[in-house]
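Chain by chain, the residues run as shown.
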Amino acid sequence: MKKYLIVLVLLIGFIVKAQNAPQKTPIFQLRIYEIFESNKKEFHERFREHAMRIMKKYNFKITSIYESKSDKKTEFVYFLEWPDEKIMKQAWEGFKADKEWIEIKKEFTKKYGDVVGNIEDRVLTKLDYSPN
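Residues numbered from 1 in each chain as written. Predicted model: local features only at pLDDT ≥ 70, side-chain atom pairs only at ≥ 80, totals over all residues. Heavy atoms only, no water.

A. Local environment of the environment of Thr74. On the secondary structure map, Thr74 appears in strand 3 (residues 74-82). Separated by 40 residues in the primary sequence, Thr74 and Glu34 place their C-alpha atoms 6.0 Å from one another. Each residue touching Thr74, except ones within four places of it in the same chain, is listed here: Tyr33, Glu34, Ile35, Glu37, Lys40, Glu67, Ser68 and Lys69. Separated by 2.6 Å, the side chains of Thr74 and Glu37 make a polar contact. (Helix = DSSP H or I, 4+ residues; strand = E, 2+ residues; numbered from the N terminus. Contact = heavy atoms within 4.5 Å. Polar contact = N/O pair within 3.5 Å; in protein donor to acceptor, adjacent residues only side chain to side chain.)

This is the structure:
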């Protein structure tokens, strides 16, 4: 009986501690790349076949991918989800320094020219009243 009471007290203590621990919410990243109609097909090939595969090695979690077109330009837009900003920065450092990725970019640029123009990057923090 005494053992059960001790276990119960410990269990209640763990539950209370877990409820009072700050909840970690993920952060989101919005990436917008200007892409060119002249080599759009090659850009999509590079991203789909190479970038996404290499990003996976660094635990990138791509949640959605879009294309946006206006009279002036075409943009490639995607969202990523990260546990926190520190992990996001470490993953990007690893990806950008990845030897295979560096070589692929070099090869595509040599063969097709620049496949990406301006890049916008935004870190988004979800607000507490945002719909799920």
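Once you've had a look at it, read on.
B. Fine view of helix 3 (residues 85-97). Here helix 3 is 13 residues long and its end C-alpha atoms lie 18 Å apart, about the 18 Å a rise of 1.5 Å per residue gives. Considered for burial, the residues of helix 3 that qualify are Met88, Ala91, Trp92, Gly94 and Phe95. Taken around the axis of helix 3, the buried residues stretch over an arc of 165°, which confines them to a single face. Opposite the buried face of helix 3, by more than 90 degrees, sit the exposed residues Lys86, Glu93, Lys96 and Ala97. If you follow the buried residues of helix 3, they end up packed against strand 1 (27-35), helix 2 (40-57), strand 3, helix 4 (99-112) and strand 4 (119-125). (Expected span 1.5 Å × (residues − 1). Buried < 20%, exposed > 50% of the residue type's maximum accessible area, 1.4 Å probe, protein only. Arc of directions from axis to C-beta.)

C. Representation of empty space enclosed by the protein in the model. Summed over all chains, the structure comprises 1 cavity of 30 Å³ or more. Its volume calculated, the largest cavity comes out at about 30 Å³. Forming the boundary of the largest cavity are Ile32, Tyr33, Glu34, Lys73, Glu75, Asn118 and Glu120. Ranked by residue count, the leading element in the lining of the largest cavity is strand 1, at 3 residues. (1 Å grid on protein atoms, 1.4 Å probe; cavity = no way out; pocket = protein on both sides within 12 Å on 5 of 7 lines; lining within 4 Å. Points joined across faces, edges and corners; volume = space filled by probe spheres on them.)

D. Structural detail: the layout of surface pockets. The space that makes up the largest pocket amounts to roughly 320 Å³. Considering the residues around the largest pocket, the lining is formed by 19 residues, among which Arg46, Trp101, Lys105, Val116 and Ile119 are closest to the centre. Broken down by secondary-structure element, the contributors of at least two residues to the lining of the largest pocket are strand 1, helix 2, helix 3 and helix 4. The leading source of residues in the lining of the largest pocket is helix 2, at 5 residues. Tallied by class, residues from the lining of the largest pocket come to 12 nonpolar, 2 polar and 5 charged. (Nonpolar A, V, L, I, M, F, W, Y, C, P; charged D, E, K, R; others polar.)

E. Local environment of the packing of helix 2 against helix 4. Their axes nearest at 11 Å, the elements helix 2 and helix 4 cross at an angle of 175°. In terms of orientation, helix 2 lies roughly antiparallel with respect to helix 4. Residues Glu42, Glu45, Arg46, His50, Ala51, Arg53, Ile54 and Lys57 of helix 2 form the contact with helix 4, whose participating residues are Glu100, Trp101, Ile104, Lys105, Phe108 and Tyr112. Counted by class, the contact of helix 2 with helix 4 contains 6 nonpolar, 1 polar and 7 charged residues. (Axes fitted to C-alpha atoms, helices over the stretch in contact; angles between N-to-C directions. Parallel < 35°, antiparallel > 145°, perpendicular 65-115°, else oblique.)

F. Structural context of helix 4. Taking 1.5 Å of rise per residue, 14 residues should cover 20 Å, and helix 4 covers 20 Å from first to last C-alpha, within 8% of that figure. Within helix 4, the full set of buried residues consists of Trp101, Ile104 and Phe108. Along the long axis of helix 4, the arc covered by the buried residues comes to 60°, so they all point the same way. Exposed and facing more than 90 degrees away from the buried side of helix 4 are Lys99, Lys106 and Lys110.

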